[in-house]
Amino acid sequence: MRHISLRQFLCSAVVVSLLAVPGSGPAYGFDTAAQSAWVYDMTTHTVLMDKNGNVPVPPASMSKLMTIYMLLEALRDGRVTMETTFGVSSRAREMTARGGSTMYLQEGDRPTVRDLLYGMIVNSGNDACIVVAEGLAGSEEAFSAQMTARGRELGMEHSNFANSSGWPDPSHRMSMRDLGILSRILIEEFPEHYPMFAETSYNYKDRAPANAANRNPLLRLGVGADGLKTGHTSEAGYGLVGSVKQGERRIIFAFSGTASDKARAEEAERITSWAFRQFSLKTLAKSGVRLAEAPVHLGEVNAVGLVPAEDIRVLLPAIAQGDLKAEVVYSGPFSAPIAAGTVLGEVVIEVPELGTTRVPLLAEADVAKGGFWVRLKAAASALQDRYLGDEAPAS
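Rules behind the numbers
- Sequence positions are assigned chain by chain, starting from 1 and proceeding in written order.
- Totals for whole chains, interfaces and linings use every residue, but because this is a predicted model, local features are given only for residues with pLDDT of at least 70 and side-chain atom pairs only at 80 or more, for both listing and counting.
- Remark: hydrogens and water are excluded; side-chain values derive from all non-hydrogen atoms of the structure.
- Each helix is a run of H or I in the DSSP string that is no shorter than four residues. Each strand is a run of E no shorter than two, and both are numbered from the N terminus.
- When DSSP locates at least two bridges between a pair of strands, those strands are taken to pair.
- The angle between two axes is taken between their N-to-C directions and runs from 0 to 180 degrees, where each axis is a line fitted to C-alpha atoms and a helix contributes only its stretch in contact.
- Note on angle classes: values under 35 degrees are labelled roughly parallel, values over 145 roughly antiparallel, values of 65 to 115 roughly perpendicular, and the remainder oblique.
- Crossings are classed by handedness, with left-handed meaning an anticlockwise turn of the near helix from the far one by less than a right angle and right-handed meaning a clockwise turn.
- The contact definition used throughout considers only heavy atoms, calling two residues in contact when any of these lie within 4.5 Å.
- Note on exposure labels: buried denotes an accessible area under 20% of the residue type's maximum, exposed denotes more than 50%, and partly exposed covers the range between, all computed with a 1.4 Å probe on protein chains only.
- Residues enter a nonpolar core if they are buried and are Ala, Val, Leu, Ile, Met, Phe, Trp, Tyr or Cys, with the set joined through side-chain atoms within 4.5 Å.

(A) Spatial organisation of the environment of E134. With respect to the helices and strands, E134 occurs in helix α5 (residues 126–137). Separated by 46 residues in the primary sequence, E134 and V88 place their C-alpha atoms 8.9 Å from one another.

What follows is the structure in structure tokens.
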């Protein structure tokens, strides 16, 4: 295994200068009032903050994101369309009488999938969630079991769903990291439907103008926010799952356990400001640009260029704490023939406390086997090394 300093090979002066930029810890100089929080930069796949991120907590209405996901998945699979209608059971209607968020469905209504998506996303309707659960799985109990199983398949290791709406239940739990994972999946897998999360109001059949407004406080601040969901119960406190895009970067975050609606709004804005102002996106090298050469055995040439498979992009903190480290790693020499695009190594970049970025390095070009004279020269060299080794005096 060869470890070669990236500084030895980088061709770009811009890149070399960036290697001298120091790094800092993910929460250096910043703390959150939330009891648990997880902040993630989607552009570079970097976790910026993890405060009790894997601790299962009551998610309140933030868990509606899973119900929304299940409906969008059914839509993608062709099991429903946007115009498919569901019936409203007495159980769904009774949720309005129990208090909490609602889109004010009544028995006899036939809301469409589109109505129900807006009712869950914008109105946070508990009644809409039960209609979806019963419409897709026959009962809320069966749907909750499906949610838990599907969540495991999606990598949500600390989530268990007892209902479709986030109604308080001692076994209904999610971690902030799981909510972040789910948010990333919603954004990446359903780009045609994700803009619904940025809608600021929805009033089903003009029944509830007082409950029509989206509760996400970031949507009204002009900071690039376009989702996702708030939550509140007396047990959970006030929480929020947010997504904000500024320039090339998108961050998602989830937090829980703030003391009031006002505190939640303030914390959401603080996290957004910190994530964008304390970290900058840098491109260290472009895909296809040679970073190093690796030796080739019995090839028509004796070395092959190594180029990154993709642009090498990292977040660099604004406040210094330690040095960024970067190196090219490969095992060599490589035997010819070598096809262009073959993975031969990787670039490993470490930013203190922000983790490690690994980008595969590919062969820049084809390398054919060497001809007769190349093989003869290699054989002669091997014999010479062996002869000299046999004749070398003992020490």
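(B) Structural detail: the sheet that holds strand β3 (residues 36–41). Spatial ordering of the open sheet is given by β4-β3-β7-β6-β5, a layout of five strands whose pairing is antiparallel. Edge positions in the sheet fall to β4 (46–51) and β5 (225–233), since each of these pairs with one other strand and no more. For this sheet, the mean angle separating the axes of adjacent strands, direction not counted, is 5°. In this structure, β3 lies alongside strand β7 (residues 249–258), joined through six bridges in antiparallel fashion. In the strand pairing of β7, D41 is matched with I251.

(C) Local environment of the packing of helix α2 (residues 64–77) against α5. At a closest axis distance of 10 Å, the pairing of α2 and α5 adopts a crossing angle of 40°. In this view, α2 runs oblique relative to α5, as classed from their interaxial angle. Of the two possible hands of crossing, α2 and α5 adopt the one that is left-handed. Residue-level inspection shows K64, T67, M70, L71 and A74 of α2 in contact with α5, the latter providing N126, C129, V132 and L136.

(D) Region of interest: unusual backbone geometry. For the peptide bond that leads from G227 to L228, omega is 10°, which places it in the cis range. Looking at the element boundaries, L228 is found in strand β5. Cis geometry is adopted by the peptide bond preceding P337, which originates at A336 and carries an omega value of 5°. On the secondary structure map, P337 appears in the loop between β14 (334–335) and β15 (343–351). Positive phi, normally seen in glycine, also occurs at H45, with a value near 55°. Owing to a relative accessible area of 55%, H45 belongs among the exposed residues under this scheme. With phi around 55°, D206 is a residue other than glycine that occupies positive phi space. Within the element layout of this structure, D206 appears in the loop between α7 (176–189) and β5.

(E) Structural view of the nonpolar core. Of all hydrophobic cores here, the largest spans 58 residues; its most connected members are L65, M66, Y69 and L117. At nine residues, α2 tops the list of elements feeding residues into this core. Those residues within four positions of L117 in sequence are excluded, and the remaining contacts are I68, L71, L72, M82 and M196. Within the second largest apolar cluster, 49 residues are counted, among which are V39, L48, L240 and F334.

(F) Representation of the environment of S124 within the structure. Locating S124 in the fold gives a position in the loop between α4 (113–121) and α5. The sequence separation of S124 and R215 amounts to 91 residues, and the corresponding C-alpha distance is 8.6 Å. Once you skip the residues sitting within four places of it in the chain, S124 turns out to touch S61, K64, S101, T102, G119, R215 and K229.

(G) Molecular detail of the environment of A339. Tracing the chain through its elements places A339 in the loop between β14 and β15. The partly exposed category is assigned to A339, whose relative accessible area is 43%. Remark: the alpha-carbon pair of A339 and D366, spanning 27 residues in sequence, is separated by 4.6 Å.

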